[in-house]
Amino acid sequence: MNIIFFALVAIAFASAAWHQLRWDGAGEAPMAQLTSGVINAAGGAVELAIALIGVMTLFLGLIKVAEAGGLLAILARLIRPLMVRLFPDVPPNHPAMGAMILNLSANMMGLGNAATPFGIRAMQALNQLNTRPGVASDSMVLFLAINTSSVTLLPTGVIAIRAAAGSSDPAAILPTTLFATLCATVAGISAAFLYRRFAPLPPLPAAPAAAQETPSSPDQAQPESIDDTPLAEDDGRAYPAWVSGLALLGFVALIPLSVLYGQAIAPWIIPSLVMGFLAFGLLRGVRIYEVFVDGAKEGFQVAVRIIPYLVAILVAVGMLRASGALGAFVALLGPITGPLGLPAEALPMALLRPLSGSGAYGVMASIINDPAIGPDSYVGLLVTTLQGSTETTFYVLAVYFGAVGIRRLRHALPAALTADLVAVIAAVFAVSFLFGQAVI
């Protein structure tokens, strides 16, 4: 991450310096634009973190209720046959399994920031199994790759945006988004397993002799962590194969339902989650108010602690945009990608989406609200499919790994970017196939 961070800043600085040296005095100076980009990005990062506090507080409180009621253990046992094959380093009865499932389920429903607290809770659970502090484990990298590319049954936010833009069929992107995310998930999993051989785990750190002879004292410096409370494990039992099979069939049945009734289902999802989690906890004898407040405190602490990580990555991305480097890259690639089904109008969306959620949203909104293009044109359908099927990879890396103090990412970024690239290719293919744009 050190190299990536420096490279983004260095490219932005070099581009702004080049434009400054060629500046003819008209308009704002390129270096002044870069300065404004730095300040605005830093402020925007803090505003984003503050905006996340409410969401994090709410959903980590709900997770605490679900965990106290045993929901994570139930979910883990339900799809254990699949999860133990994907995550052999995670004990089958560890609550990290259930936490990961909650995160992936939220992503499937297109809940956006609402999935972040589930993902952080899963990363905290995985970090308790990590024997190399500060280094991403294989399970962490795989989880992040799946999270980045997660299958999306119902891109609720994008459907709402399309409806607001006057689309005659706001849910038209459901099949294209589903196809793109299916392809991306397969690619992300494959890349995580393939790339790990090029980024082996470092040797286990040797325990200091003094620490082996005497117990640690309160005066000794300890690594800072988000949540040191051990997570409760389930009893190790798995449900019968037929129960897991029925659950899988239920998941498959959601696909046509999401295509047919996605627009009607979307407004119900978040209220149903809040009601369902609390009702489950109440039925299981959990003191839901006290437990919710306890979890909500953790959500507040996490949201505050990720601010430095957000500032770092969003400032680098903001500099890249303000310097003109991103625009130059789009101008260079546009003539190449256009004949392949990715027009120059949509290319900034594909490039910005892994870097900046707000930047990608701005591009998408400007395109689908342009009367000459609109939400139901090929470009409008493509950019909204990209919005629903790709992830803000650098943001996810900063938040998830930053929340548990991971500094060495190993192969996490290449695996996630591979999934993003496959999502873009699959989105172009699906939209072209269904809506008639010729692809060479």
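What you are looking at is a predicted structure, and each value in this text was computed from that prediction instead of being measured.

Moving on: the packing of aromatic side chains. Across all of its chains, the model carries 3 aromatic pairs by this definition. Ring geometry for Phe143 and Tyr400: centres 6.4 Å apart, planes at 15 degrees, overall stacked. One end of the pair, Phe143, is in helix H7 (residues 138-149); the other, Tyr400, is in helix H19 (residues 393-403), with 257 residues separating them in the sequence. Classification of Phe143 by relative accessible area gives buried; the value is 0%.

Now for the pattern of salt bridges. Under the counting rule described, the total for this entry stands at 4 salt bridges. Linking Arg196 and Asp138 is a salt bridge whose minimum nitrogen-to-oxygen distance equals 3.9 Å. Of this pair, Arg196 sits in the loop between helix H9 (174-195) and helix H10 (209-213) while Asp138 sits in helix H7, and the two are 58 residues apart along the sequence. Note that Glu290 is salt-bridged to Arg287, the shortest N-O span being 3.1 Å. Among the residues examined, Glu290 registers a relative accessible area of 42% and is labelled partly exposed. Exposure remark for Arg287: the relative accessible area of 59% places this residue in the exposed category. What you see here is one network of salt bridges that share partners, running through Asp138, Arg196 and Arg410.

What follows deals with the environment of Pro81. Its location among the elements puts Pro81 in helix H4 (residues 80-86). Between the alpha carbons of Pro81 and Pro92 there is a distance of 9.0 Å; along the sequence they are 11 residues apart.

Turning our attention to the nonpolar core. Considering soluble globular proteins, one finds that nonpolar side chains tend to be buried as a cluster. Within the largest apolar cluster, 53 residues are counted, with the highest numbers of intra-cluster contacts made by Phe87, Met100, Phe143, Tyr400 and Phe401. By residue number, the principal contributor to this core is H19, which donates 9 residues. Not counting residues up to four positions away in its chain, the partners in contact with Phe401 are Met123, Ala136, Met140, Leu144, Val396, Ile406, Leu409 and Ala412. Residues Val363, Met364, Ile368 and Ala427 belong to the second largest nonpolar core, which totals 30 residues.

Examined against the element boundaries, His411 turns out to sit in the loop between H19 and helix H20 (412-435). A C-alpha to C-alpha distance of 9.4 Å links His411 and Leu142, two positions 269 residues apart in sequence. Other than its neighbours up to four places away in sequence, His411 contacts Asp138, Val141, Ala192, Tyr195, Arg196 and Ala199. Separated by 3.3 Å, the side chain of His411 and the backbone oxygen of Ala192 make a polar contact.

The terminal C-alpha atoms of H7 lie 17 Å apart, and with 12 residues this matches the ideal 16 Å at 1.5 Å per residue to within 8%. Extensive coverage of H7 is indicated by the burial of 12 of its 12 residues. Taken together, the buried positions of H7 are occupied by Asp138, Ser139, Met140, Val141, Leu142, Phe143, Leu144, Ala145, Ile146, Asn147, Thr148 and Ser149.

Attention now goes to the side chain of Asp420. As for its placement among the helices and strands, Asp420 is situated in helix H20. Although Asp420 lies buried, it forms no salt bridge, and the closest oppositely charged side chain, Arg353, sits 7.5 Å away as judged by the N-O distance. In this structure, Asp420 is in contact with Thr148, Pro354, Thr390, Glu391 and Thr393, ignoring residues within four places of it in sequence.

The periodicity of an α-helix, 3.6 residues per turn, causes residues three or four positions apart to be oriented the same way. With 24 residues, H20 ought to run about 34 Å at 1.5 Å a step, and its terminal C-alpha atoms sit 34 Å apart, in line with that. Once H20 ends, the next one or two residues include Gly436, with phi positive near 90 degrees.

Next up on the list: the confidence of the model for the chain. Per-residue confidence for the chain averages 79 on the pLDDT scale, and 81% of its residues sit at or above 70. Note that residues 209-236 has pLDDT below 50 and, in this model, 36 contacts with residues that lie over four places away or in other chains.

All right, on to the packing of helix H14 (residues 307-322) against H19 then. Viewed as axis vectors pointing N to C, H14 and H19 meet at an angle of 160 degrees, and their least axial separation amounts to 9 Å. Overall, the two elements H14 and H19 adopt an arrangement that is roughly antiparallel. Crossing geometry of H14 relative to H19 is assigned as right-handed. Across the interface between the two elements, Tyr309, Leu310 and Ile313 of H14 pack against Phe394, Tyr395, Ala398, Val399 and Gly402 of H19. When grouped by side-chain class, the residues that make up the contact of H14 with H19 number 7 nonpolar, 1 polar and no charged.

For the rest of this paragraph, the subject is a nonpolar patch on the surface. On the surface, Phe179, Phe429, Phe433, Leu434 and Phe435 cluster together into a nonpolar patch covering about 530 Å² of accessible area. It is H20 that provides the largest number of residues to the nonpolar patch, a total of 4 residues. Looking at the element boundaries, Phe179 is found in helix H9.

What counts and what doesn't
- Residues numbered from 1 in each chain as written.
- Predicted model: local features only at pLDDT ≥ 70, side-chain atom pairs only at ≥ 80, totals over all residues.
- Heavy atoms only, no water.
- Phe/Tyr/Trp six-rings, centres within 6.5 Å; stacked < 30°, edge-to-face > 60°.
- Helix = DSSP H or I, 4+ residues; strand = E, 2+ residues; numbered from the N terminus.
- Buried < 20%, exposed > 50% of the residue type's maximum accessible area, 1.4 Å probe, protein only.
- Salt bridge = Lys/Arg side-chain N within 4 Å of Asp/Glu carboxyl O.
- Core = buried A, V, L, I, M, F, W, Y, C linked by side-chain atoms within 4.5 Å.
- Contact = heavy atoms within 4.5 Å.
- Polar contact = N/O pair within 3.5 Å; in protein donor to acceptor, adjacent residues only side chain to side chain.
- Expected span 1.5 Å × (residues − 1).
- Lys, Arg positive; Asp, Glu negative; His and termini not counted.
- pLDDT = per-residue confidence, 0-100.
- Axes fitted to C-alpha atoms, helices over the stretch in contact; angles between N-to-C directions.
- Parallel < 35°, antiparallel > 145°, perpendicular 65-115°, else oblique.
- Left-handed = near helix turned anticlockwise from the far one by under 90°.
- Nonpolar A, V, L, I, M, F, W, Y, C, P; charged D, E, K, R; others polar.
- Patch = residues over 30% accessible without salt bridge, like charges linked within 9 Å, V, L, I, M, F, W, Y side chains within 5 Å.
- Areas by Shrake-Rupley, 256 points an atom, 1.4 Å probe, with all protein chains shown as cover.

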